[in-house]
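For reference, the chains in residue letters:
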Amino acid sequence: MTPAPLILTDVPAAEPTVVEVAGDIPVVQLRHTAVTFDDLGSIFDSGYSVLAQLGPIGPGYAIYDGDMDKPFDVTLGFPVAQVPAQLPDGVEASTFPGGSVLLVSHLGSFEDLMPAWERFVAHEKAPQSLRAIEIYVTDPSVTPVEQQRTDLLLPLS
């Protein structure tokens, strides 16, 4: 059985691990510019409800671009087998960014993601990057909080 796109490791990565991401995974996504952490709840709720109607075949993701201490950009998306012919306003077709990434898995609630990121970026292998990616490997609507898995990625190239 072929794993779903964006499931990059079979098991959670407890330690930072280098993985290769294919650059040909078609996605549908929504971009938001100049946002703050306070904006994320409503952006995620409204964005994923629109994107979920477009035939996702793998986990959702968020790509954060910019200095997180200032307004930053965030892109939400899902991989799809085929991009629908008609896309809702604001939704774009693209491909997931490919290349080498450093990945570590966070198990637990979304509320604990910030401390997980802080530990990850402090790791000796972590590159200095203004791009950070989260892949929501498990579906939080059906997965108990303690089993929820989010893969944290930092591009290496």
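The residue count restarts for each chain, going from 1 along the sequence in the order it is written. Since the coordinates come from a predicted model, pLDDT governs what is reported: local features require at least 70, and pairs of side-chain atoms require 80 or more to be given and counted, while whole-chain, interface and lining totals use all residues. Water and hydrogen atoms were dropped before computing side-chain values, which therefore reflect all heavy atoms in the structure.

Describing the overall build of the chain
Helix and strand counts for the chain come out as 2 helices and 8 strands. A radius of gyration in this sense is built from C-alpha atoms; the matching globule rule multiplies 2.2 Å by the number of residues raised to 0.38. By the compact-globule yardstick of 15 Å for 157 residues, the chain fits well, its C-alpha radius of gyration being 15 Å. Taken along its principal axes, the extent of the C-alpha atoms in the chain is 45 × 40 × 35 Å. A 1.4 Å probe and the Shrake-Rupley method give the accessible areas. Residues count as covered only by the protein chains that appear here. Accessible area of the chain: about 8,500 Å², with a carbon and sulfur share of 54%. In this tally, Asp and Glu contribute negative charge and Lys and Arg positive charge; neither His nor the terminal groups of the chain are included. Note on charges: their place is set at NZ of Lys, CZ of Arg, CG of Asp or CD of Glu. Within the chain, one finds 6 positive and 21 negative side-chain charges whose respective centroids are separated by 7 Å. Each helix is a run of H or I in the DSSP string that is no shorter than four residues. Each strand is a run of E no shorter than two, and both are numbered from the N terminus.

Things to note about the side chain of Thr143
Examined against the element boundaries, Thr143 turns out to sit in the loop between β7 (131–136) and β8 (149–155). Contacts were defined at the residue level, with two residues in contact if any of their heavy atoms lie within 4.5 Å. Not counting the four nearest positions on each side in its chain, Thr143 is found in contact with Thr138 and Gln148.

Side note on unusual backbone geometry
Of note, Leu6 is a non-glycine position whose phi angle comes to about 80 degrees, a positive value. One can find Leu6 in the segment before β1 (17–21). For Ala34, which is not glycine, the phi dihedral falls at a positive 50 degrees. Positionally, Ala34 belongs in strand β2 (residues 26–35).

Structural notes on the pairing of β2
The pairing criterion is simple: DSSP has to find at least two bridges between the two strands. With 5 bridges joining them, β2 and strand β5 (residues 91–95) adopt antiparallel strand pairing. Bridge assignment links Val28 to a residue of β5, and that residue is Ala93. The pairing of β2 with strand β4 (residues 72–79) spans 7 bridges and is antiparallel. The partner of Val35 across the bridge, within β4, is Phe72.

With respect to the pattern of salt bridges
Here a salt bridge means any side-chain nitrogen of Lys or Arg lying within 4 Å of a carboxyl oxygen belonging to Asp or Glu. Summed over all chains, the structure comprises 3 salt bridges. Close ionic contact of Asp65 with Arg131 constitutes a salt bridge, the shortest N to O distance being 2.7 Å. With Asp65 in strand β3 (residues 60–65) and Arg131 in strand β7, this residue pair connects regions lying 66 residues apart in the sequence. Among the salt bridges present, the one from Asp151 reaches Arg149, with a minimum N-O distance of 3.0 Å. For the pair shown, Asp151 and Arg149 are each scored as buried. Relative accessible area decides the class of each residue, using a 1.4 Å probe on protein chains only: under 20% of the type maximum gives buried, over 50% gives exposed, and in between gives partly exposed.

Thoughts on helix α1 (residues 40–51)
Relative to the 16 Å expected for 12 residues at 1.5 Å per residue, α1 spans 16 Å between its end C-alpha atoms, a close match to the ideal helical length. Listed as buried for α1 are Leu40, Ile43, Phe44, Gly47, Tyr48 and Leu51. With its buried residues spanning 105 degrees around the axis, α1 presents them on a single face. Away from its buried face, by an angle of more than 90 degrees, α1 presents the exposed residues Ser42 and Asp45. The inward-facing, buried residues of α1 contact β2, β3, β4, β5 and β7. An expected span of 1.5 Å times one less than the residue number is assigned to each helix. Along the arc lie the directions from the helix axis toward the C-beta atoms.

Section: the sheet that holds β4
In spatial order, the strands read β1-β6-β8-β7-β3-β4-β2-β5; together these 8 strands make up an open sheet with antiparallel pairing. Sheet topology places β1 and β5 at the edges, where each strand pairs with a single neighbour. Taken over all neighbouring pairs, the strand axes of this sheet differ in orientation by 30 degrees on average, direction set aside. Looking at chain direction, β7 and β8 are connected through 4 bridges and run antiparallel. Counted as the bridge partner of Ile135 is Asp151 from β8. Here an angle of 0 to 180 degrees is reported between the N-to-C directions of two axes, which are lines fitted to C-alpha atoms, with helices fitted over the stretch in contact. Contacting β2, β3, β4, β5 and β7, α1 crosses the sheet at an angle of about 30 degrees to β4. Its contacts with the sheet place helix α2 (residues 113–122) against β6 (99–107), β7 and β8, and it is angled at close to 35 degrees to β8.

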